[in-house]
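Spelled out, the chains give:
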Amino acid sequence: MLRLKHSLKIELDLKKLILFLALSATIVTFLNSFYSSYQVQKQQLQAETLKSQSAYAAKLVSATDRFLQSAQQQLAYSAKVIESNFDNTLIYSQEVTRLRLQTDSFNSTVIVLANGMVKGISPKSLKLEGKKLQSYGALQALSSKEPMISEPYISAANNLIIFISHPLFASDGRYLGYVGGSIYLKHASILNDLLQVHFHKDGSYLYVVDKNRRLLYHPNTSRIGEQVYNNEVIEAVLSGKHGTQQLVNSQNEAMLAGYAPLQTAPWGIITQRPLEATLEPLDGLMINVLHRTLPIGLATLLFIWLLARFIAHPLRDLAQTANALDNPSAPQQLKVIKSWYFESSELRKAMLKGVGVFQNQIGVLRQEAQTDPLTGLHNRRSLDGILEHLTSTQTSFAVLAIDIDFFKHVNDEYGHDIGDLVLQSLANIILDVTRTTDFVTRTGGEEFIVISPNATATTAYLLAERLRMRISETFIGPVGYINVSVGIAGWPLKQSSIDDILRLADQALYKAKRTGRNRSVLDSQYQDAEIKKPD
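Throughout what follows, the structure given in this document is the object of discussion.

Scoring rules and cut-offs
Residues numbered from 1 in each chain as written. Predicted model: local features only at pLDDT ≥ 70, side-chain atom pairs only at ≥ 80, totals over all residues. Heavy atoms only, no water. Helix = DSSP H or I, 4+ residues; strand = E, 2+ residues; numbered from the N terminus. Expected span 1.5 Å × (residues − 1). Buried < 20%, exposed > 50% of the residue type's maximum accessible area, 1.4 Å probe, protein only. Polar contact = N/O pair within 3.5 Å; in protein donor to acceptor, adjacent residues only side chain to side chain. Contact = heavy atoms within 4.5 Å. Phe/Tyr/Trp six-rings, centres within 6.5 Å; stacked < 30°, edge-to-face > 60°. Pairing = 2+ DSSP bridges. Axes fitted to C-alpha atoms, helices over the stretch in contact; angles between N-to-C directions. 1 Å grid on protein atoms, 1.4 Å probe; cavity = no way out; pocket = protein on both sides within 12 Å on 5 of 7 lines; lining within 4 Å. Points joined across faces, edges and corners; volume = space filled by probe spheres on them. Nonpolar A, V, L, I, M, F, W, Y, C, P; charged D, E, K, R; others polar. Patch = residues over 30% accessible without salt bridge, like charges linked within 9 Å, V, L, I, M, F, W, Y side chains within 5 Å. Areas by Shrake-Rupley, 256 points an atom, 1.4 Å probe, with all protein chains shown as cover. Salt bridge = Lys/Arg side-chain N within 4 Å of Asp/Glu carboxyl O. Lys, Arg positive; Asp, Glu negative; His and termini not counted. Charge placed at Lys NZ, Arg CZ, Asp CG, Glu CD.

Points about helix α9 (residues 380-392)
Line of reasoning, step 1. Taking 1.5 Å of rise per residue, the 13 residues of α9 would be expected to cover 18 Å, and the 18 Å separating its terminal C-alpha atoms lies within 8% of that figure.
Line of reasoning, step 2. Listing the buried residues of α9 in full gives Arg381, Ser382, Leu383, Asp384, Ile386, Leu387, Leu390 and Thr391.
Line of reasoning, step 3. By the N-cap criterion, in which a side-chain oxygen at the helix start approaches the backbone nitrogen of a residue two or three places on, α9 is capped by Asn379, the distance to Arg381 being 3.2 Å.
Line of reasoning, step 4. Positive phi shows up at Gln394, right after α9, with a value of about 55°.

This is the structure we're talking about:
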């Protein structure tokens, strides 16, 4: 009898140890799943942000290149006018004034003869007409005798500038001088305006460097003109590379950077976003995960604890019965005690059920992470998955890049709450017009992308026009009527990646914006047939 009681006690202690390990394993599994989910989401956010910064830098490079090319074209046009009327001094004043005021491309403009003498300048307040310029940019323009974008230097008016010039030649090839325009780096300028709109309150910013590692633009204007050394990103972009990198900036802050070089000038653009700002949404997401899973986890632990007591109860009954084996009722009592093997199986089922519920919750939260919370459309992360699926299955598709015209005016006049209502209304219109097989995404702000599988250039253009017309004809209170511009590109194109296709759609969208807005523009490489626009 004593040996039996001792054996039952050992078995009971062993069972308690096993159940304790089971409880510990449940807690460890819960914490490990939570930590793994956090790490996966963190890596995805960092990868997406780096990809976004790279695309952002390329986008800004394209805009800046277009600006510099436009400025050079303006100077080239003025050069032809001046060359054909070189003896008419009135033309000098007219052209420098027109160059400065017509497009706001330059802070000041000047005509300089081959001997370095200023013959026309705007604004007149600089008081340099009739004087001989000895500044670095002026001398460089005279010596090069070709279209030129200078390095930064201090001008005769004591401004830090870059100087863009175009030579003047007589009909017999004789060098006459040059016409040029300056862009002030530390004062208001169109280049400053072009880049400054991309500064964000979350700490994201960009800067521009020239080949001498000198800052041409920085949100901290006191740093403009400063030379920066020992910066891997700057060295990479000045060597002609474009890409991404995680780094620590001069303020000892971890940043996620994208960079790309310009084609028009030996400059590079670097865009940066703080790592902390990138991961900030993750904290809220994981708190949400914890809030959703903690009750289930606690309920699971409570169930296991109760189950442990239930499993231990038969062993306690066996131990108690062992103390009364001499009792006539002992055999009957042993018969009614349930086997602990069955209860062990139930514990395993309960644990599997708890883990299954936890994984389902993780799946729901991952689905939410791929949806735009304002419009309910796919977000950029979901878009990447869609494009990967279409390309892996070799399914052709059209990309429609949609942007609301003058949406900033809506937010400024009616506030962001009404702006959000406009975005939601626009999302509903797009969903109503597109096919059920089309994918509609909101990629940020007032920008939407429609992916239309198996669409040709013709059907994509017609879809864009239906969208554009429906939107322009729909009254959205209290704003009224809005318009959108649409850029269209398609895959596959020869030797074009997905990033190339998205960039072509963006470029087509910018063309629609530049040529008057409220229109659809089809990327020239994607045209498969002549398209007759609807009346």
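Don't stop here, the text continues.
What about the side chain of Thr391?
Line of reasoning, step 1. Mapping Thr391 onto the fold places it in helix α9.
Line of reasoning, step 2. A polar side-chain atom of Thr391 sits 3.0 Å from the main-chain carbonyl oxygen of Glu388.
Line of reasoning, step 3. Beyond its immediate chain neighbours, meaning those up to four positions away, Thr391 contacts Phe397, Trp491 and Ile498.

So, the environment of Ala58
Line of reasoning, step 1. Looking at the secondary structure, you find Ala58 in helix α1 (residues 2-84).
Line of reasoning, step 2. Of the residues examined, Ala58 reaches a relative accessible area of 30% and is grouped as partly exposed.
Line of reasoning, step 3. As for Ala58 and Gly258, which are separated by 200 residues in sequence, their C-alpha atoms are 8.5 Å apart.

Observations regarding the packing of aromatic side chains
To describe a pair of aromatic rings, one takes the distance between the centres and the angle between the planes.
Line of reasoning, step 1. Here the structure, examined in full by the defined rule, presents 7 aromatic pairs.
Line of reasoning, step 2. With centroids separated by 5.6 Å and ring planes inclined at 20°, the aromatic side chains of Phe397 and Trp491 adopt a geometry described as stacked. Here Trp491 lies in strand β15 (residues 484-491) and Phe397 lies in strand β12 (residues 397-404), a separation of 94 residues in the sequence. One exposure class covers both Phe397 and Trp491, and it is buried.

Things to note about unusual backbone geometry
Line of reasoning, step 1. Omega for the peptide link from Gly477 to Pro478 comes to -5°, which places this bond in the cis form.
Line of reasoning, step 2. Position of Pro478 among the secondary structure elements: in the loop between α12 (457-473) and β15.
Line of reasoning, step 3. In this chain, Trp491 is followed by Pro492 through a cis amide linkage whose omega measures 5°.
Line of reasoning, step 4. Within the secondary structure layout, Pro492 lies in the loop between β15 and α13 (498-514).
Line of reasoning, step 5. A positive phi angle, near 55°, is found at Gln394, a position not held by glycine.
Line of reasoning, step 6. Mapping Gln394 onto the fold places it in the loop between α9 and β12.
Line of reasoning, step 7. In this structure, Arg517 takes a positive phi of about 65° despite not being glycine.
Line of reasoning, step 8. Turning to its location among the elements, Arg517 is positioned in the loop between α13 and β16 (520-522).
Line of reasoning, step 9. Using a relative accessible area of 29% as the deciding quantity, one classes Arg517 as partly exposed.

Describing the sheet that holds β16
Line of reasoning, step 1. Pairing is mixed across the open sheet formed by 5 strands, whose spatial order is β13-β14-β12-β15-β16. Each edge of the open sheet carries a strand with a single partner, namely β13 (439-444) and β16. Ignoring which end each strand starts from, the neighbouring axes of this sheet average 20° apart.
Line of reasoning, step 2. Two strands pair when backbone bridges link them, and β13 and strand β14 (residues 447-453) are joined in this way by 5 bridges, in the antiparallel orientation.

So, the layout of surface pockets
Line of reasoning, step 1. Empty space within the second largest pocket amounts to approximately 370 Å³.
Line of reasoning, step 2. The wall of the second largest pocket is formed by 22 residues, among which Tyr205, Arg223, Asn249, Ser250 and Gln272 lie closest to the centre.
Line of reasoning, step 3. Looking at the lining of the second largest pocket, the elements with two or more residues in it are β7 (205-209), α5 (232-238) and β9 (243-248).
Line of reasoning, step 4. Residue composition of the lining of the second largest pocket, by class: 10 nonpolar, 9 polar and 3 charged.

Here's the deal with a negative patch on the surface
Line of reasoning, step 1. A cluster of like negative charges, contributed by Glu253, Glu276, Glu280 and Asp283, occupies part of the molecular surface.
Line of reasoning, step 2. The residue Asp283 is located in helix α6 (residues 275-322) in this model.

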